[in-house]
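Architecture at a glance
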Amino acid sequence: MLIPDEHIEAYAAALRASGARVVFTNGCFDILHAGHVRYLASARAQGDVLILGLNSDASVRRLKGPSRPINNEQDRAEVVGALAAVDAVVIFGEDTAETLIAKVRPAVYVKGGDYTRETLPEARIVEAYGGEVALVPLVAGKSTTGIIEKAGRG
(Lines give C-alpha, C1' and ligand atoms only; values in the text may rest on other atoms or scores of the structure.)
Protein backbone atom coordinates (compact mmCIF):
# COMPACT_ATOMS: atom_id res chain seq x y z
CA MET A 1 0.00 0.00 0.00
CA LEU A 2 1.41 3.38 -1.04
CA ILE A 3 0.86 6.06 1.61
CA PRO A 4 1.32 9.69 0.55
CA ASP A 5 3.99 11.51 2.54
CA GLU A 6 1.40 13.96 3.90
CA HIS A 7 -0.53 11.05 5.49
CA ILE A 8 2.33 8.92 6.84
CA GLU A 9 2.56 10.64 10.22
CA ALA A 10 -1.13 10.03 11.01
CA TYR A 11 -0.94 6.47 9.63
CA ALA A 12 2.04 5.59 11.83
CA ALA A 13 0.50 7.29 14.88
CA ALA A 14 -2.68 5.23 14.46
CA LEU A 15 -0.61 2.03 14.26
CA ARG A 16 1.31 2.93 17.41
CA ALA A 17 -1.92 3.88 19.22
CA SER A 18 -3.34 0.44 18.38
CA GLY A 19 -0.34 -1.15 20.09
CA ALA A 20 1.49 -2.20 16.92
CA ARG A 21 5.28 -2.37 17.00
CA VAL A 22 6.19 -0.28 13.94
CA VAL A 23 9.39 -1.07 12.05
CA PHE A 24 10.82 1.26 9.43
CA THR A 25 13.50 0.91 6.78
CA ASN A 26 14.39 2.90 3.72
CA GLY A 27 16.33 2.67 0.49
CA CYS A 28 16.30 2.79 -3.29
CA PHE A 29 15.24 -0.81 -4.05
CA ASP A 30 15.94 -0.16 -7.72
CA ILE A 31 16.21 -3.72 -9.06
CA LEU A 32 14.68 -6.09 -6.54
CA HIS A 33 16.79 -9.17 -5.79
CA ALA A 34 17.00 -11.98 -3.23
CA GLY A 35 19.15 -9.86 -0.91
CA HIS A 36 16.38 -7.25 -0.73
CA VAL A 37 13.72 -9.89 -0.08
CA ARG A 38 15.71 -11.48 2.75
CA TYR A 39 16.57 -8.07 4.22
CA LEU A 40 12.92 -6.96 4.22
CA ALA A 41 11.75 -10.24 5.74
CA SER A 42 14.31 -9.80 8.52
CA ALA A 43 13.17 -6.21 9.09
CA ARG A 44 9.50 -7.23 9.22
CA ALA A 45 10.28 -9.97 11.74
CA GLN A 46 11.30 -7.28 14.24
CA GLY A 47 7.78 -5.92 14.66
CA ASP A 48 4.14 -5.99 13.67
CA VAL A 49 4.16 -3.58 10.74
CA LEU A 50 6.92 -2.66 8.26
CA ILE A 51 6.84 0.77 6.66
CA LEU A 52 9.33 1.22 3.82
CA GLY A 53 10.61 4.66 2.87
CA LEU A 54 11.46 4.59 -0.83
CA ASN A 55 13.89 7.12 -2.29
CA SER A 56 12.32 9.20 -5.06
CA ASP A 57 13.82 9.12 -8.54
CA ALA A 58 15.52 12.49 -7.96
CA SER A 59 17.12 11.36 -4.71
CA VAL A 60 18.30 8.08 -6.29
CA ARG A 61 20.01 10.11 -9.06
CA ARG A 62 21.75 12.27 -6.45
CA LEU A 63 22.86 9.22 -4.45
CA LYS A 64 23.68 6.72 -7.22
CA GLY A 65 24.42 8.84 -10.29
CA PRO A 66 22.67 10.05 -13.44
CA SER A 67 22.06 6.58 -14.90
CA ARG A 68 19.93 5.53 -11.93
CA PRO A 69 17.31 4.58 -11.07
CA ILE A 70 16.70 1.83 -13.62
CA ASN A 71 13.04 1.58 -12.55
CA ASN A 72 10.96 4.67 -11.76
CA GLU A 73 9.65 5.36 -8.27
CA GLN A 74 6.06 4.30 -9.00
CA ASP A 75 7.20 0.94 -10.40
CA ARG A 76 9.64 0.43 -7.51
CA ALA A 77 6.89 1.26 -4.99
CA GLU A 78 4.51 -1.22 -6.64
CA VAL A 79 7.09 -4.02 -6.62
CA VAL A 80 8.27 -3.61 -3.01
CA GLY A 81 4.71 -2.95 -1.86
CA ALA A 82 3.65 -6.32 -3.26
CA LEU A 83 6.05 -8.19 -0.97
CA ALA A 84 4.42 -9.94 2.00
CA ALA A 85 6.97 -8.39 4.37
CA VAL A 86 6.06 -4.79 3.44
CA ASP A 87 2.89 -3.28 4.88
CA ALA A 88 3.22 0.26 3.55
CA VAL A 89 5.47 2.28 1.23
CA VAL A 90 6.06 6.03 1.34
CA ILE A 91 8.17 7.85 -1.27
CA PHE A 92 10.49 10.57 0.01
CA GLY A 93 12.66 13.06 -1.86
CA GLU A 94 15.46 13.81 0.59
CA ASP A 95 18.86 12.11 0.50
CA THR A 96 18.35 10.75 4.03
CA ALA A 97 15.20 9.61 5.81
CA GLU A 98 15.61 11.93 8.81
CA THR A 99 12.42 13.93 8.19
CA LEU A 100 10.46 10.77 7.49
CA ILE A 101 11.81 9.03 10.60
CA ALA A 102 10.66 11.98 12.72
CA LYS A 103 7.14 11.52 11.30
CA VAL A 104 6.95 7.72 11.56
CA ARG A 105 8.72 7.37 14.95
CA PRO A 106 9.23 3.61 14.55
CA ALA A 107 9.99 1.34 17.48
CA VAL A 108 12.75 -0.15 15.31
CA TYR A 109 14.73 1.44 12.48
CA VAL A 110 16.41 -1.22 10.31
CA LYS A 111 19.30 -0.73 7.90
CA GLY A 112 21.79 -3.02 6.18
CA GLY A 113 25.01 -4.08 7.82
CA ASP A 114 27.01 -1.89 5.44
CA TYR A 115 25.99 0.99 7.73
CA THR A 116 26.94 1.77 11.32
CA ARG A 117 25.08 3.89 13.89
CA GLU A 118 27.74 6.54 13.30
CA THR A 119 27.06 6.68 9.55
CA LEU A 120 23.27 6.82 9.95
CA PRO A 121 22.01 10.35 10.66
CA GLU A 122 18.58 8.81 11.30
CA ALA A 123 19.94 6.79 14.25
CA ARG A 124 20.26 9.79 16.57
CA ILE A 125 16.61 10.72 15.93
CA VAL A 126 15.37 7.18 16.65
CA GLU A 127 17.47 6.79 19.76
CA ALA A 128 16.43 10.26 21.05
CA TYR A 129 12.82 9.11 21.52
CA GLY A 130 13.78 5.64 22.80
CA GLY A 131 13.57 3.64 19.58
CA GLU A 132 16.00 0.93 18.52
CA VAL A 133 18.39 0.83 15.57
CA ALA A 134 18.93 -2.65 14.11
CA LEU A 135 21.60 -3.47 11.54
CA VAL A 136 20.87 -6.53 9.38
CA PRO A 137 23.75 -8.38 7.68
CA LEU A 138 23.88 -8.07 3.90
CA VAL A 139 23.52 -11.14 1.69
CA ALA A 140 26.90 -11.76 0.08
CA GLY A 141 26.96 -11.47 -3.69
CA LYS A 142 23.52 -9.82 -3.95
CA SER A 143 23.42 -6.19 -5.06
CA THR A 144 21.71 -3.98 -7.60
CA THR A 145 25.10 -2.69 -8.76
CA GLY A 146 26.24 -6.29 -9.34
CA ILE A 147 23.14 -7.01 -11.41
CA ILE A 148 23.67 -3.88 -13.51
CA GLU A 149 27.33 -4.80 -14.08
CA LYS A 150 26.45 -8.36 -15.03
CA ALA A 151 23.75 -7.16 -17.46
CA GLY A 152 26.30 -4.86 -19.10
CA ARG A 153 28.48 -7.85 -19.95
CA GLY A 154 25.53 -9.31 -21.92
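Placed above this text is the structure.
Conventions and cut-offs
- Residues numbered from 1 in each chain as written.
- Predicted model: local features only at pLDDT ≥ 70, side-chain atom pairs only at ≥ 80, totals over all residues.
- Heavy atoms only, no water.
- Helix = DSSP H or I, 4+ residues; strand = E, 2+ residues; numbered from the N terminus.
- Buried < 20%, exposed > 50% of the residue type's maximum accessible area, 1.4 Å probe, protein only.
- Contact = heavy atoms within 4.5 Å.
- Phe/Tyr/Trp six-rings, centres within 6.5 Å; stacked < 30°, edge-to-face > 60°.
- Pairing = 2+ DSSP bridges.
- Right-handed = clockwise from strand over helix to strand, strands pointing away.
- Axes fitted to C-alpha atoms, helices over the stretch in contact; angles between N-to-C directions.
- Salt bridge = Lys/Arg side-chain N within 4 Å of Asp/Glu carboxyl O.

**Considerations on the environment of L52**
Here L52 shows up in strand 2 (residues 49–55). Among the residues examined, L52 registers a relative accessible area of 0% and is labelled buried. Ignoring any residue separated from it by four or fewer positions in sequence, one finds L52 in contact with F24, T25, F29, L40, V80, V86, A88, V89 and V90.

**What about the packing of aromatic side chains?**
Following the criterion strictly, the structure yields 2 aromatic pairs and no others. With a centroid separation of 5.9 Å and 25 degrees between ring planes, the pair formed by F24 and Y109 is classed as stacked. Linking F24 in strand 1 (residues 22–27) with Y109 in strand 4 (residues 108–112), this pair joins segments that are 85 residues apart in sequence. Overall, F24 belongs to the buried group, its relative accessible area being 0%. Ring geometry for F29 and Y39: centres 6.5 Å apart, planes at 35 degrees, overall tilted. In this pair, F29 sits in the loop between strand 1 and helix 2 (34–44) while Y39 sits in helix 2, placing the two residues 10 residues apart along the sequence. Note on accessibility: F29 and Y39 belong to one class, buried.

**Observations regarding the pairing of strand 5 (residues 132–136)**
As paired strands, strand 4 and strand 5 are joined by 5 bridges and run parallel to one another. For G112, the partnering residue across the bridge sits in strand 5 and is V136. What joins strand 4 to strand 5 is helix 6 (residues 121–128), and the crossover it makes is right-handed.

**Brief notes about the sheet that holds strand 1**
Ordered in space as 3-2-1-4-5, the 5 strands form an open sheet in which the pairing is parallel. The strands lining the two open edges of the sheet, one partner per strand, are strand 3 (88–92) and strand 5. On average, each strand axis in the sheet is inclined to that of its neighbour by 25 degrees, with strand direction left out of account. Taken together, the 5 bridges between strand 2 and strand 3 define a ladder with parallel strand orientation.

**Observations regarding the pattern of salt bridges**
This structure, assessed with the given rule, holds 8 salt bridges. Salt-bridge contacts for D5 lead to K103; the nearest nitrogen and oxygen are separated by 2.8 Å. On the criterion of sequence distance, the pair formed by D5 in helix 1 (residues 5–17) and K103 in helix 5 (residues 98–104) is long-range, its members being 98 residues apart. Of the charged contacts, one joins R68 and D30 as a salt bridge, the two residues approaching to 2.8 Å between their closest N and O atoms. Pair noted here: R68 is in the loop between helix 3 (57–64) and helix 4 (73–81) and D30 is in the loop between strand 1 and helix 2, with a separation of 38 residues, a long-range link.

**Observations concerning the pairing of strand 4**
Burial analysis of strand 4 places 5 of its 5 residues in the buried class, which makes it a mostly covered element. The alternating pattern of strand 4 places V108, V110 and G112 and Y109 and K111 on opposite faces, both of which are buried. As judged from the 3 bridges shared by strand 1 and strand 4, these two strands associate in the parallel manner. Pairing of F24 across the sheet is with Y109, part of strand 4.

**What about unusual backbone geometry?**
Here the residue pair R68 and P69 is connected by a cis peptide bond, since its omega of 5 degrees sits within 30 degrees of zero. Of note in this structure, F29 is not a glycine but carries a positive phi near 45 degrees. In this structure F29 comes out as buried when scored by relative accessible area, which is 7%. Positive phi values are uncommon outside glycine, yet R105 reaches one of about 50 degrees. Summarising the element assignment, R105 is placed in the loop between helix 5 and strand 4.

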